[in-house]
Amino acid sequence: MTTFDFSPLYRSTIGFDHLVSLLDSVASNEQVQNTYPPYNIELIDQDKYRISMAVAGFVESEITIETALNSLTISAKKEEKTEQKKYLYRGIAARDFQRHFKLENHVRVDAATLENGLLHIDLVREVPEAMKPRQIPIAVRADSGKLLESE
């Protein structure tokens, strides 16, 4: 396992302690997860993302999408069929899966669509007004001790 030295991060940032544990959990999670099903993550716009996942052979009722505590979980469970087919070659993997994604605090799932064997999950980042940058006015003291706001 590759280890990283985060000491430069601690010298210039405050309050990002959770970042180290997040990076560790993502690194260990990547080793556990396999490559099924394949997926893409796209940046659609400045604050809009899309996860496209190849789910050939699954229908909407077999796929579950859940969000909880900054985590997105996509899972699918193939419904049992009594019909037995005799395959000469089976290259389409329609096996059950569960895929996890970590989401930033203000990212939410906007929509999910299933089209041509691809599951598209649209995500949007909505930063609250209180967290957006704002300019702080500087007060200037006059000789009499009264506060005057600078322009």
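Residues numbered from 1 in each chain as written. Predicted model: local features only at pLDDT ≥ 70, side-chain atom pairs only at ≥ 80, totals over all residues. Heavy atoms only, no water.

Draft legend 1. Fine view of the sheet that holds strand β7 (residues 118-125). If you trace the four strands from one edge of the open sheet to the other, you get β1-β2-β7-β6, paired in antiparallel fashion. Edge positions in the sheet fall to β1 (39-45) and β6 (107-115), since each has one partner strand and no second. Neighbour-to-neighbour, the strand axes of the sheet open up by a mean angle of 20°, direction not taken into account. Inspection of the sheet shows β1 paired to strand β2 (residues 48-54) by six bridges, in the antiparallel sense. What sits directly across from Leu 43, in β2, is Tyr 49. (Pairing = 2+ DSSP bridges. Helix = DSSP H or I, 4+ residues; strand = E, 2+ residues; numbered from the N terminus. Axes fitted to C-alpha atoms, helices over the stretch in contact; angles between N-to-C directions.)

Draft legend 2. Quick look at the pairing of strand β5 (residues 97-102). Alternating residues of β5 divide into Phe 97, Arg 99 and Phe 101, all buried, and Gln 98, His 100 and Lys 102, none buried. Sheet analysis places strand β4 (residues 71-76) next to β5, joined by six bridges and oriented antiparallel. Of the residues in β5, the one forming a bridge with Ser 71 is Lys 102. (Buried < 20%, exposed > 50% of the residue type's maximum accessible area, 1.4 Å probe, protein only.)

All quantities given are derived from atomic positions and should not be read as evidence of function.
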